[in-house]
Amino acid sequence: MLGYFLFLSKGISLKHLITTARLSLLLALGLMSQNLYAKSSIISPIPLPQQKILDIDEHSCNDGCLKRLYTNGYIFSFLAKFSTSTTDKKVLRYFSEAMAQLSGIEVMQDSGSKEHFRVALLIPKQLVGRYSVSVANTILSYLIARNIDFDFQVFDSIDESKENLESTYLRIIQSNANFVIAMLGPTGVQNLIDYDNLIYPTYIPTINKERLPQGVIDRLPENLYFGGISYKEQFQALLPLMQDMPLIEYTDDSQIGGYLSTLFSSLEERVIRQRSLSNQEASQFTKTLEKESTYFPNAALILNTSAPKTGLILSQIELSDEPPRVYLSTQINFSPIVLQLASPKARENLFVVSSIGAIDTNLMEYAFLLNNDLRYDWVSYATSLGVEFGLRTITKDSKQLFSESMRDKQIQYQNRIWTTKGANFVPVK
């Protein structure tokens, strides 16, 4: 059951509304079956119930205003006015406490030192776009969930040019941070390592070290680390499922689609059919289904297409008299979009590799409250891993929420193959 609690924020205190909220939740639960079963190994595409707090007061509210709202008991007004751009430690602590009260989340008590943790996010907003907000929220959700003393600042480099990266990193140095998360691609990384003043541990969650030229890898600074997943290892995990089948590959014109196609071609030479699909071609796949189906018998179809295109393609291939024997894909199709667009029958023989591991329940709930889904978004997952790695660089005995380790400047992931059952992804045993 999906649920939303909508609260208007103007002058409403938690004391007056918390009972109503609890009764609403109990009523919702009462409508559900009394026989509830759950498996931790099944990832459902159904989102958790969401709480939306609507701000109906047009006046702005600075840090001092937020403190007054909280101390006066106007929790909903405080949450409606709260901005993730604030760096005020007391306001951030109030936010953590307010979320815990409202959502019933237990705030983690970190067993490590209370040494101040100062995190800087370097992000080229012009290139990264929508991730500028989601990544910042991911970092903030981890820091708040851990209940530690921290400062968090965002530094916009605009793009990945050498000049902008150097000037932005200099501003980070001046801010006295002690850990940097940089949302960069291969070009940005190459430009950054030319800057010989990387004095802080700097973590790149967006790419795997394997995507860099060997000449670049040979001169990586001591303080530079990587958290991107390995698509090469994911393809290798899929190779046994291809057996001796003829191979078909569908890709698209996106940057990641082109990279995956090139990488797959370097690993496998048995491709009998390769095709790049535009949005229109994917949505009207039935027009070419008769021709494509001549390649299908006993074949493995490699889907290096985005999740929306994959869902559309699968739903139309279902009409074929003799569809491919199996459908195989990497992390890009470990997405609820595939489950929503393709019927269970259409994706009956779909196998997808994911590097996302087990997630602490409280951390996942905090991320949900800030509109992030760690179950499916590998960039957010890798970013959370990076924050934990940075925290452990200054607090060695800090509690670990993730099982992944760092080796040779790269996070090591455990790849797992999933298939689908009904409206869920389920692990292949």
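The rules behind the values
- Each chain has its residues counted from 1, following the order in which its sequence is written.
- Per-residue local features of the predicted model are confined to residues with pLDDT of at least 70, and side-chain atom pairs are confined, for both listing and counting, to 80 or more; whole-chain, interface and lining totals are unaffected and use all residues.
- Where side-chain values are given, they derive from all heavy atoms of the structure, hydrogens and water being excluded.
- Three labels apply to residues, based on accessible area from a 1.4 Å probe with only protein chains included: buried if under 20% of the type maximum, exposed if over 50%, partly exposed otherwise in between.
- Starting at the N terminus, helices and strands are each numbered in turn, a helix being any DSSP run of H or I of at least four residues and a strand any DSSP run of E of at least two.
- By convention, orient the strands away from the viewer: a clockwise path from the first strand over the helix to the second makes the crossover right-handed.
- Paired strands, as defined in this entry, are two strands with at least two bridges between them according to DSSP.
- For every element, the axis is a line fit to its C-alpha atoms; helices are fit only across the contacting stretch, and the angle between N-to-C directions ranges from 0 to 180 degrees.
- Any pair of N or O atoms that falls within 3.5 Å is considered a polar contact. Within protein, one atom must be able to donate a hydrogen and the other to accept it, and sequence-neighbouring residues count only if both atoms are side-chain atoms.
- Residue contacts are defined here by distance: any two heavy atoms, one from each residue, within 4.5 Å place the two residues in contact.
- A pair of sulfur atoms, both from cysteines and within 2.5 Å, is called a disulfide here.
- One less than the residue count of a helix, multiplied by 1.5 Å, gives the span that helix is expected to have.
- Directions are taken from the helix axis to each C-beta atom, and the arc is the one they span.
- The set of buried Ala, Val, Leu, Ile, Met, Phe, Trp, Tyr and Cys residues whose side-chain atoms join them within 4.5 Å is what this entry labels a nonpolar core.

Asker: So what's going on with the pairing of strand S11 (residues 326-329)? Residues and values would help.
Answerer: Because side chains alternate across S11, one face comprises the buried residues Val326 and Leu328, and the other comprises Tyr327 and Ser329, equally buried. Regarding topology, helix H14 (residues 307-317) serves as the crossover connection from strand S10 (residues 300-304) to the parallel S11, and that connection is right-handed. Note that S11 and strand S12 (residues 350-354) share three bridges and pair parallel. Across the sheet, the residue bridging to Ser329 is Val352, located in S12. After leaving S11, the chain enters helix H15 (residues 336-341) and then returns to the sheet as S12, a path that is right-handed.

Asker: Tell me about the sheet that holds S11, and please be specific about residues and values.
Answerer: Spatial ordering of the open sheet is given by S9-S8-S10-S11-S12-S15-S16, a layout of seven strands whose pairing is mixed. Lying at the two open borders of the sheet, with one neighbouring strand each, are strand S9 (271-276) and strand S16 (424-427). The average undirected angle you get between the axes of adjacent strands in this sheet is 25 degrees. Here strand S8 (residues 247-251) runs beside S10; their pairing, made up of five bridges, is parallel. Bridge pairing in S10 links Leu247 to Ala300.

Asker: Just give me the short version of the side chain of Asn178, but keep the residues and values in it.
Answerer: As for its position among the elements, Asn178 is in the loop between helix H7 (162-174) and strand S5 (179-182). A distance of 3.4 Å separates the side chain of Asn178 from the backbone oxygen of His116, its partner in a polar contact.

Asker: Mind laying out helix H8 (residues 186-193), listing which residues take part and the relevant values?
Answerer: Within H8, burial applies to Gly188, Val189, Asn191, Leu192 and Ile193. Buried residues along H8 sit against H7, strand S6 (202-204), helix H9 (214-217) and strand S7 (224-226).

Asker: Got a sec to walk through the state of the cysteines? Specific residues and values, please.
Answerer: Under the definition given, this model contains one disulfide. Each sulfur of the disulfide joining Cys61 and Cys65 lies 1.9 Å from the other. Sign of the S-S torsion, about -100 degrees for the bond between Cys61 and Cys65, identifies this disulfide as left-handed.

Asker: For H7, give the residues involved together with the corresponding values.
Answerer: With 13 residues, H7 should reach 18 Å at 1.5 Å per residue; the first-to-last C-alpha distance of 18 Å fits that figure. Among the residues of H7, Leu165, Thr168, Tyr169, Ile172 and Ile173 are the ones counted as buried. Buried positions in H7, seen along its axis, are confined to an arc of 150 degrees and lie on one side of it. Away from its buried face by more than 90 degrees, H7 exposes Glu163 and Gln174. At its buried positions, H7 is contacted by strand S3 (117-123), strand S4 (150-156), S5, H8 and S6. Of the residues one or two after H7, Asn176 is the one with positive phi, at around 65 degrees.

Asker: Can you explain the nonpolar core? Please cite residues and give values.
Answerer: Side chains of a nonpolar character, in soluble globular proteins, are inclined to be buried together. Formed by 75 residues in total, the largest nonpolar core has its most connected members in Phe78 and Phe117. Here the element with the most residues in this core is helix H17 (residues 378-394); it accounts for nine residues. If near-sequence neighbours (up to four positions away) are discounted, Phe117 is found in contact with Leu143, Ile148, Asp149, Phe150, Asp151, Asn178, Phe179, Val387, Gly390, Leu391 and Ile394. Core analysis: the next-biggest nonpolar cluster, separate from the first, contains 25 residues, Leu303, Ile313, Ala346 and Tyr376 among them.

It is worth stressing that arrangement in space is one thing and function is another; only the former is reported here.
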